[in-house]
Amino acid sequence: MNNKLKLKKLFEQIMHYVFLLTALTSIAAVLLICYFLFTNGIPAMSKIGIFKFIFGTVWKPSADPAQYGILPMIIGSLYVTAGAIVIGVPIGLLTAIFMARFCPRRIYPVLKPILELLAGVPSIVYGFFGLVVIVPFLGQLYGGGSGKSILAASILLGIMILPTIINISEAAIRAVPDNYYEGALALGATHERAVFKVLLPAAKSGVMTSVVLGIGRAIGETMAVIMVAGNQARITNDITSGIRTLTANIVIEMGYSEGLHKEALIATGVVLFVFILILNVSLSIFQNRQRG
Amino acid sequence: MKKHITIILASIFTVAALSGCGSTNNTTNPTATASFDASKAITVISREDGSGTRGAFIELTGVQTKDANGTKIDRTTTEAEISNDTNVVITTVAGNAYAIGYISLGSLNDTVKALKVGGVDATVANVKAKTYVLSRPFLIVTKGEVTGLKKDFINFILSSQGQKVVADNNYIAIAENATAYTSTGLTGKIVVGGSSSVTPVMEKLAEAYKALNTGVTIEVQMSDSGTGITAATNGTVDIGMSSRELTDAEKAALTPTQIATDGLAIIVNKANTTTDLTKAQITSIYIGETTKWSDIK
């Protein structure tokens, strides 16, 4: 009996370390990525000049002297992501509300897997869809010419962030205790009013999380955007003309780059990384405030 | 009541979605875009900075110039759309009546129209006759003295069978009246790597060679000319592939062997009424001086 207990304790201790090790693996991955990014990216930034790198408007890596200004790409990423939010968030949020509170029980088992399938579609397939459907369609809409534009990328990314927003928002709305809803009805609110005025505000934190994760996906998306955005490395304020995002800049030129050019691309990755970091930190600040 | 509204909404949405599909399908249908309006802006499509195809294009057309110090300047307009894949260039041009792009002659298919350059058709015969100006060499590069299996494979590429494979894939064979290759029954493995332009024909060559020498494995790794040259220099591949001439520094370390010639095709949408551009006109379009189809002089 005593022996058996000892064995169990030993086993528990071993498992304790196994779990610790798995946890450390993911942390190590994050730290290694940070280390790689910063040791390769920061020297390049200081070589180019941080101000010149971030606020430079000309990207000509094979010119002589080479110019590495990534402001067009930063603005490109911001425009495309903002567009995706404008298109994706209203549709995604309303779909989530529908799925959680309005969907007939018979349709739900059909809709849910379809929405989940949307999350599983590889991004290159989205990109190809954008290239052969959205781009020519927008081209016609613009009155002939190229449909590759900020708008095309925004629409495509808007679709791509839908599953993230729908699934997390739906879970958040479902997680609101039923007595909120019942209480609202008891006070004379209609179904719609109870959902929009009581349940939705109560699920605010979860909805915000879904939006931030959606932004994260939109800003980090690469393959699909490359195929529909046009990838011109210059600043534009016209949503019908093309633009290059930070991610596209890295992928397009990585294969051929060498020396400072390659380091500048890694430094582009650093900027992207900082963007995501700011996003995640602001989300946790927001969530802490909600709890506090 | 609500149920009825739901059903009606769903059916309206479905019909709208389907009709949307219909209208977009029309864009790939030539009859829908048959009315070509030359006063529209040209959509310039380029490959990415550093690509072998772009390198060949800007060099052959004169989009790249040298300044007083001998520094090369790539004058490709910043308004040019950038695609990092030949197939994306073709699909984009096929879907946009006002687009112009450039691809390897070997990748040309009938979804787009290849323009004449200076009145000369973009055909293999014309590249061979050197009347078509937009062409470039396909090279393999090796380090040091080539022996054994490597030598045998290169002999095969330059033999009549190997050059037939090149010609069958729409590239231009370089060795006329080459001698026939006979297998000497070697075994082993060769790693070939480099230019994504050379890779497709290299894969076909490897297949044909393996059919004759069953004991041989050939691994073809696709990357780009620069990577292929570097890999051949430091020995990570046995044979490097390049779609551009070597620089003097690279020539010091490696031996280039031309295995084929490739032509670049200037492609436009099938609805485009333009049939012929001079090299100067192409340059003018790509550096952003000419922005409308009707402005081409």
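No experiment lies behind these values; they were computed from the predicted model shown.

*Asks:* Which parts of the structure should I look at to understand the overall build of chain B?
*Replies:* Each helix and strand counted, chain B has ten helices and 14 strands in total. Taken along the three principal axes of its C-alpha coordinates, chain B extends 80 × 60 × 35 Å. Each of the 297 residues in chain B was classed as buried or not, and the buried ones make up 45%. In chain B, 75% of the contacts between residues at least 6 apart in sequence involve partners at least 24 apart. Of the roughly 13,600 Å² of accessible surface on chain B, a fraction of 54% belongs to carbon and sulfur atoms. Distance between charge centroids for chain B: 4 Å, based on 26 positive and 27 negative side chains.

*Asks:* What am I meant to see in the overall build of chain A here?
*Replies:* Each helix and strand counted, chain A has 13 helices and two strands in total. If one aligns the C-alpha atoms of chain A with their principal axes, the spans along those axes are about 70 × 65 × 35 Å. Counting over 292 residues, chain A shows a buried share of 43%. In chain A, 70% of the contacts between residues at least 6 apart in sequence involve partners at least 24 apart. Counting only carbon and sulfur atoms, one obtains 70% of the accessible surface of chain A, whose full area is about 15,200 Å². In chain A, which carries 22 positive and 12 negative side-chain charges, the distance between the mean positions of the two groups comes to 7 Å.

*Asks:* In this structure, what is going on with the nonpolar core? I would like to understand it.
*Replies:* Most often, soluble globular proteins keep nonpolar side chains buried together rather than apart. Counting 41 residues, the largest nonpolar core has B:Phe57, B:Ile100, B:Ile266, B:Ile267 and B:Tyr286 as the members making the most contacts within it. The set of elements that each furnish at least two residues to this core consists of strand S1 (43-47), helix H2 (52-61), helix H3 (86-95), strand S5 (99-104), strand S13 (255-268) and helix H10 (279-286) of chain B. At five residues, S13(B) tops the list of elements feeding residues into this core. Every residue in contact with B:Phe57, bar those within four places of it in the chain, is listed here: B:Val63, B:Tyr102, B:Leu264, B:Ile266, B:Ile282 and B:Tyr286. Core analysis: the next-biggest nonpolar cluster, separate from the first, contains 30 residues, A:Val89, A:Ala224, A:Ile243 and A:Leu279 among them.

*Asks:* Is there a simple way to explain the environment of B:Gln281 in this structure?
*Replies:* The topology assignment puts B:Gln281 in helix H10. Residues within four places of B:Gln281 in sequence aside, it is in contact with B:Asp276, B:Ile296 and B:Lys297.

*Asks:* Please explain the pairing of strand S10 (residues 188-195) of chain B as it appears in this structure.
*Replies:* Each regular strand shows side chains that alternate between the opposite faces of the sheet. Residue and element names in this part refer to chain B. Here S10 lies mainly inside the structure; six of its eight residues are buried. Here S10 runs beside strand S11 (residues 216-223); their pairing, made up of eight bridges, is parallel. Of the residues in S11, the one forming a bridge with Val192 is Val220. With respect to chirality, the unit in which S10 leads through helix H7 (residues 199-212) into the neighbouring parallel S11 is right-handed. Examined bridge by bridge, S10 and strand S12 (residues 239-242) share three bridges and lie parallel to one another. Looking at the pairing, Gly193 lines up with Gly240 of S12.

*Asks:* It is not clear to me how the interface of chain A and chain B should be interpreted in this structure. Could you clarify?
*Replies:* Many authors give the size of an interface as the accessible area that is lost as the parts come together. With 28 residues of chain A in contact, the opposing surface of chain B contributes 30 residues. Each partner contributes to the roughly 2,600 Å² buried at the junction of chain A and chain B, and carbon and sulfur atoms together form 52% of this total. At the junction of chain A and chain B, the tally comes to one salt bridge. Put simply, B:Glu79 and A:Arg234 hold a salt bridge, and the shortest N to O gap is 2.5 Å. Our enumeration of links across chain A and chain B arrives at seven residue pairs in polar contact (both at pLDDT 80 or more). Those elements that provide at least two residues to the side of chain A that touches chain B are helix H5 (123-141), helix H11 (223-229) and helix H12 (246-254) of chain A. The greatest single-element share of the side of chain A that touches chain B, amounting to six residues, is contributed by H5(A). Taken together, the residues that form the side of chain A that touches chain B break down as eleven nonpolar, ten polar and seven charged.

*Asks:* Teacher, can you tell me more about the environment of B:Val63 here?
*Replies:* All names here are of chain B. Counting through the fold element by element, Val63 comes out in the loop between H2 and strand S2 (64-66). On the basis of relative accessibility, which here comes to 0%, the residue Val63 falls in the buried class. Those residues within four positions of Val63 in sequence are excluded, and the remaining contacts are Phe57, Ile58, Ile73, Asp74, Arg75, Thr76, Thr283, Tyr286 and Ile287.

*Asks:* Please explain the pairing of S13(B) as it appears in this structure.
*Replies:* Residue and element names in this part refer to chain B. The buried fraction of S13 amounts to ten of the 14 residues, a majority that puts the element mostly inside the structure. Two strands pair when backbone bridges link them, and S5 and S13 are joined in this way by five bridges, in the antiparallel orientation. Pairing of Ser104 across the sheet is with Leu264, part of S13. Pairing analysis gives two bridges linking strand S6 (residues 113-114) to S13, with the strands arranged antiparallel. Each residue of the ladder has a partner; that of Lys113, found in S13, is Val268. Examined bridge by bridge, strand S8 (residues 135-142) and S13 share eight bridges and lie antiparallel to one another. Note that in S13 the partner of Pro137 across the bridge is Thr261. Here strand S9 (residues 172-173) pairs with S13 via two bridges, running antiparallel. Bridging from a neighbouring strand, Ala173 pairs with Ala260 of S13.

*Asks:* What's the story with the pattern of salt bridges in this structure? I'm lost.
*Replies:* Any two side chains of opposite charge can pair if their charged atoms end up close together. Inspection of the entire model under this criterion finds twelve salt bridges over all chains. Taking the shortest distance from any N to any O, the salt bridge between A:Glu170 and A:Arg174 comes out at 3.0 Å. Pair noted here: A:Glu170 and A:Arg174 are both in helix H7 (residues 162-175), with a separation of four residues, about one helical turn. Judged by relative accessible area, which is 2%, A:Glu170 ranks as buried. Residue class for A:Arg174 comes out partly exposed when judged on its relative accessible area of 43%. A salt bridge links B:Arg136 to B:Asp262; the nearest nitrogen and oxygen atoms lie 3.1 Å apart. Highlighted residues: B:Arg136 in strand S8 and B:Asp262 in strand S13, separated in sequence by 126 residues.

Calculation notes
Residues numbered from 1 in each chain as written. Chains lettered and ligands numbered in written order. Predicted model: local features only at pLDDT ≥ 70, side-chain atom pairs only at ≥ 80, totals over all residues. Heavy atoms only, no water. Helix = DSSP H or I, 4+ residues; strand = E, 2+ residues; numbered from the N terminus. Buried < 20%, exposed > 50% of the residue type's maximum accessible area, 1.4 Å probe, protein only. Contact = heavy atoms within 4.5 Å. Areas by Shrake-Rupley, 256 points an atom, 1.4 Å probe, with all protein chains shown as cover. Lys, Arg positive; Asp, Glu negative; His and termini not counted. Charge placed at Lys NZ, Arg CZ, Asp CG, Glu CD. Core = buried A, V, L, I, M, F, W, Y, C linked by side-chain atoms within 4.5 Å. Pairing = 2+ DSSP bridges. Right-handed = clockwise from strand over helix to strand, strands pointing away. Buried area = accessible area lost by both parts, 1.4 Å probe. Salt bridge = Lys/Arg side-chain N within 4 Å of Asp/Glu carboxyl O. Polar contact = N/O pair within 3.5 Å; in protein donor to acceptor, adjacent residues only side chain to side chain. Nonpolar A, V, L, I, M, F, W, Y, C, P; charged D, E, K, R; others polar.

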